[in-house]
Structure formats: structure tokens, C-alpha cells
Amino acid sequence: MPTTLSPAIEPREFRNVLGHFPTGVCIVTAMEGGKPIGMVVGSFTSVSLDPPLVAFLADRSSTTFPRIREATTFCVNVLAADQEALCRSFATRGADRFADVEWRAAPSGAPILENVVAWIDCVPDAIHEAGDHYIHIGRVTDLAVENPTLPLLFFQGGYGAFTLGSLVMGANPAMAEHLAIADRARDEMTALAGRSDVEVLALGACTDTFIVVASASPSGSTAPLRIGTALPFAPPAGRIFVAWAGQESIHAWYERSAEPLTAAERERLDAEVDAVRRHGWTPAFYSDRMEDLWQTLGQIGKVGQTPMLVRHVSQLVASLERHSTPEDVDEKTAGTVQSLMAPIFGTDGQVALMLSLSGIPRGSSLSRIEELRDDLLAVCGRVTASLGGRVPPELADGR
Ligand SMILES: Cc1cc2nc3c(=O)[nH]c(=O)nc-3n(C[C@H](O)[C@H](O)[C@H](O)COP(=O)(O)O)c2cc1C
């Protein structure tokens, strides 16, 4: 009921301001005489943990809600970012909403739509009148995450997807530069991938992440990592990017560690960064965590940067074996070298881009690893020269 104490609120203004509050998008489904029915709601919310209650708000003018209300159960389907078309169809009056939709029955019998992020199966618990809407409360009888991918969001009258504050490529001037350099390195990368039969990745650093900006695969194979995949630029990952960047950058890198570093760990990392600086390249070895990291990054390539996967990546990077310097590659360990990384230098003598020979076959001999390393260093040297880049004096002699 309108109150005389508050000034009148224009419906347009109300819609506009509240449209600036983002919501997820769900389809509430139910069965009616053996046939599925459903409608889109942006007003779904969790209500109570004990007892487990959820709710959505239904417009009094909705023609579908009175039918859902009559059903003995209903199911809330959380839509994925790629289900905008499904959403539009379920928000259109008169459309045959289930015409091309695959679904199965939830334990309660209400429909679970194919590929939704999650579903929440309910029995009606209470209904409250609230202005021109009803608050429909359901008691949760079952629920599951179906497809842990990015959800569909509704904001300012438009659809979109969730992006994280970190680990996002975003608009970054440094990125444009990395891409330009990767473009110049492309022919060399392709030739190196062909000669070595190993994937070549180009990575650029952006404040707290480093990002795959280009890749070249041996013929016939497909790159496991998607261009744009970002890794946390935190210890022990990214030593090449800090090795020539000065003490301040090294400290900032330490500060980004997911776990605070002890003095002993800092000392060890210092020694490793030092080794990278002296040798001009660095290896990474196969390990269960490395496999997990690679798999998780591949998963991110498929479903996007969900907070769950990104958290997992951060934890994995923080727990990676720290000890992997050029001096650790010998007859015994050569067969477990997973990748070799080396820098391309810019005109300012800083690392402009890192090239990585990634996914070297297990069991490679030491001489094979040395051959790959020499080829990688030669490529980095030629690309650096083609950019007019300046190789730090301590490395210049060795190259
Ligand atoms: C993003 C989005 C969110 C919506 N949220 C709600 C909502 O929370 N409650 C509601 O009653 N209608 C909501 N609607 C509108 C209904 O989905 C739609 O207008 C309604 O289903 C029309 O058909 P009906 O008469 O069959 O209900 C929303 C529509 C869209 C596109």
C-alpha cells in the first residue's frame, strides 16, 4: 500500500535504480497434468539454512505462476552464461517453452533443464503477499551443482557473465605491447614448435598475473591452454619475469604469495632467481601438482574463470615444488623436465615476453633437453634482436 510519508517513487526510476543491482537468472519449473511448465525469475534467493528454505518473487500478472503455485513441487534451475536464448524463450508469453528443451525429472518430479549450473528441488512452504508480487517460499528437498560453469547474470536490463577482479585479462596497456611482440615472434615460435615437436607458449606479465598471449603447436596437436589463460604471478611462478626487474619487483612478487613466505623460503627463492639471472632460462618439472595445474588450466579454458577453479589454481601455484633451477637438470632429472622457459628482452633491458617449450615428453634424455634449451635460447635471442631488445650484460656473452 502506498505510504503518504514517503515521496512518490516513479516506477521508471524504481526499475532503473534497481536494474543496477545484478541478479542471477533461474527458471522455476513444475509439472502440471504430466506436462512441464516453467518461468524465468531474477528474484530467486536463499532464505534459511535451518530449515532449508529458498524463495522467489512472482508478479501478480504472471499467468504461469498461478499454475506453479498449484503444483505439489517445483524446481529452481540456475542458468549458465550460455543459456541466454533459453532464458528469453522462458520469459516469452505464448511460446512453447519446452519445445526444444532437454530435461529430466528431479527427485520430486519437477523438471531439471539440461546443462543448468545447479538445481534446487522444493516443496511449497509458504506464500506471502507483497505489493504487486507474491513471495513464494519453498522448502528444499534436494539440490545439486550440475555444471559448475559461469552463471547467467542480468544487469541494467542486459545479460552477461561473471568476471573475477583478478586473473582477468581486462584492458591493460601492457597487454597490447605483449600481443604486438608475440605477433613479431610468431614465425620463430611456429618454426620452433615444428622442429622440437613440442608446444611453444608466449606469456606476458601484467601486474599480478601472467597470461598466455600466443601459442604454436606441433602439427596435428591442439594446444591444451587457451590464449588468454592467466596464471597467478606469485612465487614460485614467474621467476623469469622478476629476475631482471630489480629488488622492488622481487619483493612485490613475494608479497603476492598466497601463503606468507618465511625468511628461509625467501632466501631460497632469492637463490633461484639468482640462478635464472645467471643462466638466462629455467626448467619446470613434472609433478602431480603440475599435472593438476595443467588440467585445471585446461578446464578454465573450457568453462571460464570460475572462482572455484581460480582458487584451485592459486593454491596449486603456491604449493608447487619450489626447487627447479637450471642447476637441477641432470642425467637423473632430465626425463622429468616438463617445460623450459626463457626471456625475450625489450629495448629497456626488461623481460618483454617469456617463451616456454611446454609439455616436453617424459623420459627425454639430458642431451635432448640441452638441445631443446639451446634452440629455445637461440629463438629468444633472435626475437630479442629483431625487436632491438637489450640483453643484460651478464647474459650477453653466453648467448
Ligand atoms: C531476467 C528476467 C527476470 C525475471 N524475473 C522475474 C521475477 O522475479 N518474477 C516474475 O514474476 N517474473 C519475472 N520475469 C518475467 C517472467 O519471466 C515473464 O514475464 C513471465 O514468465 C511471462 O510469462 P507468464 O505470464 O507465463 O508468467 C523475469 C524476466 C526476465 C527476462
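Structural data are supplied above this passage.
About the criteria used
- Residues numbered from 1 in each chain as written.
- Predicted model: local features only at pLDDT ≥ 70, side-chain atom pairs only at ≥ 80, totals over all residues.
- Heavy atoms only, no water.
- Near = heavy atom within 4 Å.
- Polar contact = N/O pair within 3.5 Å; in protein donor to acceptor, adjacent residues only side chain to side chain.
- Areas by Shrake-Rupley, 256 points an atom, 1.4 Å probe, with all protein chains shown as cover.
- Nonpolar A, V, L, I, M, F, W, Y, C, P; charged D, E, K, R; others polar.
- Helix = DSSP H or I, 4+ residues; strand = E, 2+ residues; numbered from the N terminus.
- Buried < 20%, exposed > 50% of the residue type's maximum accessible area, 1.4 Å probe, protein only.
- Contact = heavy atoms within 4.5 Å.
- Pairing = 2+ DSSP bridges.
- Axes fitted to C-alpha atoms, helices over the stretch in contact; angles between N-to-C directions.

*Asks:* Help me out: how do you make sense of the site of the ligand in this one?
*Replies:* In the vicinity of the ligand lie 16 residues, with Ser 43, Ser 62, Thr 63, Thr 64 and Arg 93 positioned nearest. Here a nitrogen atom of the ligand and a backbone polar atom of Leu 57 are 2.7 Å apart. Contacts to the ligand include Ser 62, whose side-chain N or O atom sits 2.6 Å from an oxygen atom. A total of 620 Å² of accessible area belongs to the ligand in isolation, and the protein chains cover 81% of it. Along the lines of polarity and charge, the residues of the shell around the ligand split into eight nonpolar, five polar and three charged.

*Asks:* Looking at this structure, I do not really get the environment of Glu 394. What am I missing?
*Replies:* Looking at where Glu 394 falls in the secondary structure, it is placed in helix α11 (residues 393-396). Owing to a relative accessible area of 44%, Glu 394 belongs among the partly exposed residues under this scheme. Counting along the chain gives 115 residues from Glu 394 to His 279, while the straight-line C-alpha distance between them is 9.2 Å. Aside from chain neighbours lying at most four places away, what touches Glu 394 is Trp 244 and Arg 277.

*Asks:* Looking at this structure, how should I read the sheet that holds strand β9 (residues 118-130)?
*Replies:* Taken together, seven strands build an open sheet; the order of strands is β3-β2-β6-β9-β10-β5-β4 and the sheet is antiparallel. The open sheet is flanked by β3 (35-41) and β4 (45-48), the only strands paired with a single partner. Geometrically, the sheet is characterised by an average inter-axis angle of 40° between neighbouring strands, direction not taken into account. In the sheet, strand β2 (residues 26-32) pairs with strand β6 (residues 74-78) via four bridges, with the strands oriented antiparallel. Across the sheet, the residue bridging to Ile 27 is Asn 77, located in β6.

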